[in-house]
Amino acid sequence: MKKGFFLRLFVLLMLTFFIAEQGRAQTYQRTSQGIKSTVQGINIDISFFSPVTVRILKSPDGWKYTKESLSVIGQPEKVKLSVSSKGGILTIKSHQLTVHLNEETGQITFASSDGKSLLQEQNKGARFDDFNDAGTKTFSVYQSFTLEKDEAIYGLGQLQNGKMSQRNQTKRLIQDNLEDVIPFFQSVKGYGLFWDNYSPTIFKDNQEETSFLSEVGDCIDYYFMYGENADGVVAQMRYLTGQVPMFPLWTYGFWQSRERYKSQKEIVGVVQKYRELGVPLDGIIQDWRYWGSNYLWNAMDFLNEEFSDPKKMMEDIHGMNAHIIISIWSAFGPHTKPYRELDKGNMLFNFRTWPESGSEKWPPNMDYPSGARVYDAYHPQARDIYWKYLNENLRSVGIDGWWMDSTEPDHFHPIPEDFDTPTYLGSFRKVRNAYPLMSVGGVYDHQRAVTSDKRVFILTRSAFAGQQRYGANTWTGDITASWEVLEKQIPAGLNFSLCGIPHWNSDIGGFFLWQYPLMLDDPDYRELYARWIQFGTFCPMMRSHGEGAPREIYQFGKKGEPIYDAIEKYIRLRYSLLPYIYTTAWEVTANQSSFMRALAMDFAHDRNVWNIHNQYMFGKSLLVCPVTQPMYTQTVSDTIRVEDFSTVKSMRIYLPKNTEWYDFWTNQKHSGGQYIVKDTPIDILPLYVKAGSILPIGPEVQYSTEKSWDNLEIKVYPGCNGEFTLYEDENDNYNYEKGMYSTITMKWNDRTRMLTIENRKGEFSGMLKERKFNIVTADGAKKAVAYNGKKVTVKM
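Residues numbered from 1 in each chain as written. Predicted model: local features only at pLDDT ≥ 70, side-chain atom pairs only at ≥ 80, totals over all residues. Heavy atoms only, no water.

Caption draft 1: Main features of the side chain of glutamate 568. Checked against the element boundaries, glutamate 568 lands in helix H12 (residues 562-576). Judged by its relative accessible area of 5%, glutamate 568 is buried. When near neighbours in sequence (up to four residues on either side) are disregarded, glutamate 568 contacts Val279, Ile553 and Lys559. (Helix = DSSP H or I, 4+ residues; strand = E, 2+ residues; numbered from the N terminus. Buried < 20%, exposed > 50% of the residue type's maximum accessible area, 1.4 Å probe, protein only. Contact = heavy atoms within 4.5 Å.)

Caption draft 2: Region of the structure containing the packing of helix H5 (residues 337-344) against helix H6 (residues 380-393). Axis separation between H5 and H6 bottoms out at 10 Å; the angle between their running directions is 165 degrees. If you check the angle between H5 and H6, you find them roughly antiparallel. The chirality of how H5 crosses H6 is right-handed. Every residue of H6 that contacts H5 at Lys337, Pro338, Glu341 and Leu342 is listed here: Ala382, Ile385, Lys388 and Tyr389. Here the residues of the contact of H5 with H6 sort into five nonpolar, no polar and three charged. (Axes fitted to C-alpha atoms, helices over the stretch in contact; angles between N-to-C directions. Parallel < 35°, antiparallel > 145°, perpendicular 65-115°, else oblique. Left-handed = near helix turned anticlockwise from the far one by under 90°. Nonpolar A, V, L, I, M, F, W, Y, C, P; charged D, E, K, R; others polar.)

Caption draft 3: Region of the structure containing the UniProt feature "domain: Glycoside hydrolase family 31 N-terminal" (unreviewed entry) in the protein chain. Mapped onto the present numbering, the UniProt feature "domain: Glycoside hydrolase family 31 N-terminal" (unreviewed entry) falls at residues 44-203. Taken as a whole, residues 44-203 contains 0% helix and 57% strand, while its terminal C-alpha atoms sit 22 Å from one another. (UniProt positions renumbered as here; feature names shortened; annotations may be inferred.)

Caption draft 4: Structural context of the packing of H6 against helix H9 (residues 435-450). One way to put it is that H6 packs onto H9 with a least axis distance of 9 Å and a crossing angle of 60 degrees. Accordingly, the angle class assigned to the pair H6 and H9 is oblique. In this structure, H6 crosses over H9, and the sense of that crossing is right-handed. The residues of H9 that touch H6, namely those facing Arg383, Asp384, Tyr386, Trp387 and Leu390, are Met438, Gly442, Val443, His446, Gln447 and Val450. For the contact of H6 with H9, a count of residues per class yields six nonpolar, three polar and two charged.

Caption draft 5: Up close: the UniProt feature "domain: Glycosyl hydrolase family 31 C-terminal" (unreviewed entry) in the protein chain. Within this numbering scheme, the UniProt entry marks residues 594-695 as carrying the feature "domain: Glycosyl hydrolase family 31 C-terminal" (unreviewed entry). Counting secondary structure, residues 594-695 comes out at 4% helix and 39% strand; the distance between its end C-alpha atoms is 17 Å.

Caption draft 6: Examining unusual backbone geometry more closely. Backbone torsion omega between tryptophan 362 and proline 363 reads 0 degrees, so that peptide bond is classified as cis. Within the fold, proline 363 resides in the loop between H5 and strand S22 (373-374). Even without being a glycine, asparagine 298 presents a positive backbone phi close to 60 degrees. Relative accessible area serves as the criterion here: at 0%, asparagine 298 is assigned to the buried category. The phi torsion at asparagine 731 lies on the positive side, around 80 degrees, for a residue other than glycine. Assignment of secondary structure puts asparagine 731 in the loop between strand S42 (722-728) and strand S43 (742-749).

Caption draft 7: Quick peek at the sheet that holds strand S32 (residues 622-624). Spatial strand order, S30-S31-S32-S39-S36-S37: six strands in an open sheet with antiparallel pairing. The strands lining the two open edges of the sheet, one partner per strand, are strand S30 (596-598) and strand S37 (669-671). Sheet twist, expressed as the mean angle between neighbouring strand axes with direction ignored, is 35 degrees. Bridging between S32 and strand S39 (residues 687-690) involves three bridges; their strand directions are antiparallel. In the sheet register, leucine 623 faces S39, and the bridge partner there is tyrosine 688. (Pairing = 2+ DSSP bridges.)

Caption draft 8: Structural detail: the domain arrangement of the protein chain. In terms of domain boundaries, the protein chain breaks down into domain 1 (30-145 + 190-225), domain 2 (259-455) and domain 3 (707-793). Relative to domain 3, the C-alpha centre of domain 1 lies at a distance of 46 Å. (Domains from an automatic or database assignment.)

Caption draft 9: Structural context of the packing of aromatic side chains. Inspection of the entire model under this criterion finds 67 aromatic pairs. Aromatic pair phenylalanine 110 and tyrosine 222: ring centres 6.4 Å apart, planes at 70 degrees, arrangement edge-to-face. Of this pair, phenylalanine 110 sits in strand S8 (residues 108-112) while tyrosine 222 is found in strand S17 (residues 220-226), placing the two residues 112 residues apart along the sequence. Judged by relative accessible area, which is 1%, phenylalanine 110 ranks as buried. A residue is classified by how much of its surface remains accessible, and tyrosine 222, at 0% relative accessible area, is buried. With 6.2 Å between their ring centres and 70 degrees between their planes, phenylalanine 332 and tyrosine 375 make a pair best called edge-to-face. Of the two residues, phenylalanine 332 sits in strand S21 (residues 331-332) while tyrosine 375 sits in the loop between S22 and H6, which places them 43 residues apart along the sequence. There is no split in this pair, since phenylalanine 332 and tyrosine 375 are both buried. Note that lysine 273 overlies the ring of tyrosine 554, its terminal NZ or CZ placed 5.7 Å from the centroid. Over the ring of phenylalanine 664 we find lysine 715; its NZ or CZ atom is 5.3 Å from the centre of that ring. (Phe/Tyr/Trp six-rings, centres within 6.5 Å; stacked < 30°, edge-to-face > 60°. Lys NZ or Arg CZ within 6 Å of the ring centre and 35° of its normal.)

Caption draft 10: Highlighting the pairing of strand S16 (residues 210-214). Among the five residues in S16, four count as buried, and that is most of the element. Taken together, the five bridges between strand S10 (residues 136-146) and S16 define a ladder with antiparallel strand orientation. When the sheet's bridge partners are listed, valine 141 is paired in S16 with serine 214. Count of turn residues in the strand S15 (residues 201-205)/S16 antiparallel hairpin: four residues.

Caption draft 11: Region of interest: the nonpolar core. Counting residues in hydrophobic clusters, the biggest one holds 208 residues, and the most contacted among them are Leu394, Trp402, Phe538, Phe618, Phe773 and Ile775. Look past the residues within four positions of phenylalanine 773 in its chain and what remains in contact with it is Leu712, Ile714, Ile744, Met746, Ile757, Lys783, Ala784, Val785 and Tyr787. Of all hydrophobic cores here, the second largest spans 42 residues; its members include Ile44, Ile108, Phe139 and Phe145. (Core = buried A, V, L, I, M, F, W, Y, C linked by side-chain atoms within 4.5 Å.)

Caption draft 12: Quick peek at the pairing of S39. Bridge count for strand S36 (residues 660-663) against S39 is three bridges, and the pairing is antiparallel. The residue of S39 that forms the bridge with aspartate 663 is tyrosine 688.

Caption draft 13: Main features of the pattern of salt bridges. Enumeration according to the criterion identifies 45 salt bridges in this entry. A salt bridge links aspartate 231 to arginine 597; the nearest nitrogen and oxygen atoms lie 2.6 Å apart. Of this pair, aspartate 231 sits in helix H2 (residues 230-241) while arginine 597 sits in strand S30, and the two are 366 residues apart along the sequence. Using a relative accessible area of 0% as the deciding quantity, one classes arginine 597 as buried. Within this structure, Asp133, Arg172, Glu215, Asp420 and Arg429 form a network of salt bridges that share partners. (Salt bridge = Lys/Arg side-chain N within 4 Å of Asp/Glu carboxyl O.)

Here it is, written out as structure tokens:
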């Protein structure tokens, strides 16, 4: 009897366990891309976009919503998945990424296919708090994660905090003149996370948590991507949010600007002066008020009498083989045609923006408000109207590109009611951070629809995730000139690039000269400007700009003087590197690479580089170490400073390990994994070339396309095997998208000291059929070789 009782009890227990397991198996539903489940009142959707990228959607059970991403345009791939459940853990696996869902708590963890732990949500780390968004019921949404204690993370957009790793801070992410926010970070462990939300968001990282808290969200929506390394993460971010088009070759030359050229005679005269001096120049920029008064703000028309013949102005500038871009804004004055048309359609916002006053005097006289209002860039019809006036009044006279200022947009003295402002896509609060994406995207899409004969080029003050697909280069806004600010621009650009947006720059010399009342007469400022232009040489755009004092090279003295000569030296260096820079641009477009590369991108194995904020790689070969401290200015009294170049100063530099490095200037070779001291006279920026690099050097020119690349110097840096693929196309159209370009791959065998120049691939109109390469090694060997597109091997 006892035996029968225990047998029945055993059968009952097994049946109970079987039913429980069966019930547990029913807690999720298979989908074409993953699974759906409901855990503790929260719906969870885990969807694989690719074998290494997964989307996580969460919402309260029973909540109905529609989420259309503004940033994500990639389409999910068909991914082979396995799904299993064991011990209360649901596992969804591709061949490269594993996602675990705790069926009791809803916690999600991510691991590589070989079991390496990558990231985990905190237990019960999701939260939905009721929120009334301008009369619409929705939520504030929150999700927390746990990171390893010493894990370095990068991203969050372009911030001015001077940090490389973005750990240990609380930051409100909202667009601003000086900061372009992107709710994305990537880890030195090789994964990235994009929080797909456009409302003001709190990012928090401390010992307890790493989290995002967004003011508005119908759901928690984030993407986890495993790239194995930083390039892989960037590639996945671009797979999700868009690839990078090629920029025109001329955009990589030197650009001169100021706030502002006050007449067409003045702006044409600047180009003429550069040509007379023989200093290279490709671009000039016309800043604001070519339209006239503030009541005519951003009329997108030459209404200022000092610009009486804009077509002639374009002909004069183009006749000197230069290009021009022009300032356009997100707000319109009340006396403009765009304002009237947009206002009629209820497509203007009512919050305070720039300019606040109709008077041009500073500070703004609010007795005479300008009445300028920001347009609803979320509205497709508003974007049509914006383009119409841009096209009819500016593009029609020959403007080459667009300087889109205030694309964040300017929002002064915000009050809560401002965020209730209705837009085409809901409240301003709901979509606030995506404004630059919509505005810049509207111009790009319209121009691409009109012509493919000329590449879109946009310079913009703000950006959001996905903006790399719109032919835009972002700058750091109206920064103040100081050594501290110069140093902060380096990690700002590097973290921005790590978000997947590669084109970036800053105002060379800083915009405001508030700390320099003597302006260009202050030797400390002249030294700062020289160092800033050295840094700008190794940014995706090299552009001088600022207010208070003009910044043209001839404002800093004349040939033979230290500051002038240093400026000219780096402008010329920039042009000599154009074959390398333009090939890097192709690597960005075709292979998801980056121009400015934080050292952790290429040397993640070297923990010493994880938090280095003032050195970086420019392309895959050049290690750039900007000078960010004054060295040659002496303070004589409270009001007097003087230049003193009598003693050469130096700075300390770290060379990443596991490779050798060559001093660009001297060819001296150094082992990696050590700190060295480098002399830094006013005309030397410490610059090192990675062993195995092949560096093409272009001809001396006055503008980017003055001479063909038929006689390039090819510099080889021995120490290990290397490879470089020279890219060429028609320079300023979209024919490359049809395959009209050529590549020439060069391979260096370090053991045999053989350089193999492979068969040329591809062709395009105007392509060089024959050319000469002058090969030079860093250790002194030289050889010239004729090349007609067929494979050549050269023994050095």
